[in-house]
Amino acid sequence: MTAATRGAAAALLGAFLRGDDHYLASSAAYGDGGAAALERALDLFLARPEIGFVWLAFAPGRDGPEAVGACVACYAISTARGSLVVKLDDVTIDQDWQGRGVGGAMLAALADHLRGLGVTRIDCACHRDNAGAWRFYERLGFRPLDEERIALLLR
């Protein structure tokens, strides 16, 4: 995401955060701050690219390329890997483009980009009852961990 594509990222991620039943089931525990929080997060990504970024997928549109997919990638350091890893979050594809290979292509391009940066693992959470998402991630080579995510809100 750049300043020029920020609006497209906001639209895609906002639609996901407002409409994904699996996200909404956990949103209170996450401390979801709504549209204002998304706007602040996008500002932080633009101001602090060393922490993470929003990755966009584009497809041909009437007036040129249009953003049809988005995901969030945040850097962390893994003591197990001794390297940078990325936490993948909020993976979404515009409903009109789902099932057409955009998500797989978006994450394959992201993985290639991250490998070039020396990142050695992508971590991603997926709701256990989201069978479609599980199949999607497993097709891409993700493997389940015997862990559960938990959260502590600090404010």
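This one's a predicted model, so the numbers in the text were calculated from it and none came from an experiment. (Residues numbered from 1 in each chain as written. Predicted model: local features only at pLDDT ≥ 70, side-chain atom pairs only at ≥ 80, totals over all residues. Heavy atoms only, no water.)

Thoughts on the overall build of the protein chain
So, point 1. Helix and strand counts for the protein chain stand at five helices and four strands.
So, point 2. For the protein chain, the C-alpha radius of gyration of 15 Å lies close to 15 Å, the compact-globule estimate for 155 residues.
So, point 3. On the principal axes, the C-alpha backbone points of the protein chain span a range of 45 × 35 × 35 Å.
So, point 4. Across the 155 residues in the protein chain, those meeting the buried criterion constitute 34%.
So, point 5. Considering only contacts in the protein chain between residues 6 or more positions apart, those separated by 24 or more positions represent 57%.
So, point 6. Taken as two groups, the 16 positive and 19 negative side-chain charges of the protein chain have centres that lie 3 Å from each other. (Helix = DSSP H or I, 4+ residues; strand = E, 2+ residues; numbered from the N terminus. Rg over C-alpha atoms; globule rule 2.2 N^0.38 Å. Buried < 20%, exposed > 50% of the residue type's maximum accessible area, 1.4 Å probe, protein only. Contact = heavy atoms within 4.5 Å. Lys, Arg positive; Asp, Glu negative; His and termini not counted. Charge placed at Lys NZ, Arg CZ, Asp CG, Glu CD.)

What to know about the environment of Pro 65
So, point 1. In this structure, Pro 65 sits in strand 2 (residues 64–78).
So, point 2. Leave out the neighbours within four places in its chain, and Pro 65 touches Phe 58 and Ala 59.

Quick notes on the layout of surface pockets
So, point 1. By volume, the second largest pocket is sized at about 290 Å³.
So, point 2. What lines the second largest pocket is a set of 15 residues, among which Ala 111, Arg 115, Arg 121, Ile 122 and Phe 142 lie closest to the centre.
So, point 3. The greatest single-element share of the lining of the second largest pocket, amounting to seven residues, is contributed by helix 4 (residues 102–116).
So, point 4. Class assignment for the residues of the lining of the second largest pocket results in 10 nonpolar, two polar and three charged. (1 Å grid on protein atoms, 1.4 Å probe; cavity = no way out; pocket = protein on both sides within 12 Å on 5 of 7 lines; lining within 4 Å. Points joined across faces, edges and corners; volume = space filled by probe spheres on them. Nonpolar A, V, L, I, M, F, W, Y, C, P; charged D, E, K, R; others polar.)

What to know about the sheet that holds strand 1 (residues 52–61)
So, point 1. A sheet is described by the order of its strands in space; here four strands give the open sequence 1-2-3-4, paired in mixed fashion. The sheet terminates laterally at strand 1 and strand 4 (122–124), the two strands that pair on one side only. Strand-to-strand twist in this sheet, taken as the mean axis angle between neighbours without regard to direction, amounts to 35 degrees.
So, point 2. One ladder, built from three bridges, connects strand 3 (residues 83–93) with strand 4; its direction is parallel. Across the sheet, residue Val 86 finds its bridge partner in strand 4, namely Ile 122.
So, point 3. Taken strand by strand, helix 3 (residues 34–47) contacts strand 1 and strand 2, and its axis lies near 100 degrees from that of strand 1. (Pairing = 2+ DSSP bridges. Axes fitted to C-alpha atoms, helices over the stretch in contact; angles between N-to-C directions.)

Re the packing of helix 1 (residues 6–19) against helix 2 (residues 21–30)
So, point 1. Two elements in contact, helix 1 and helix 2, have axes separated by 6 Å at closest approach and are oriented at 70 degrees. The orientation of helix 1 with respect to helix 2, classified from their angle, is roughly perpendicular. Along the contact surface, helix 1 presents Phe 16, Leu 17, Arg 18 and Gly 19, while helix 2 presents Asp 21, Tyr 23 and Leu 24. (Parallel < 35°, antiparallel > 145°, perpendicular 65-115°, else oblique.)

A look at the nonpolar core
So, point 1. By size, the foremost hydrophobic cluster in this structure holds 22 residues, and its most contacted members are Cys 71, Leu 88, Met 106, Leu 107, Leu 110 and Tyr 137.
So, point 2. For this core, the secondary-structure elements that each account for two or more residues are strand 1, strand 2, strand 3, helix 4 and helix 5 (131–139).
So, point 3. When near neighbours in sequence (up to four residues on either side) are disregarded, Met 106 contacts Trp 55, Ala 57, Gly 69, Ala 70, Cys 71, Val 91, Thr 92 and Ile 93.
So, point 4. Core analysis: the next-biggest nonpolar cluster, separate from the first, contains 15 residues, Ala 10, Val 54, Leu 56 and Ala 70 among them. (Core = buried A, V, L, I, M, F, W, Y, C linked by side-chain atoms within 4.5 Å.)

By themselves, these figures tell us nothing about what the structure is for.
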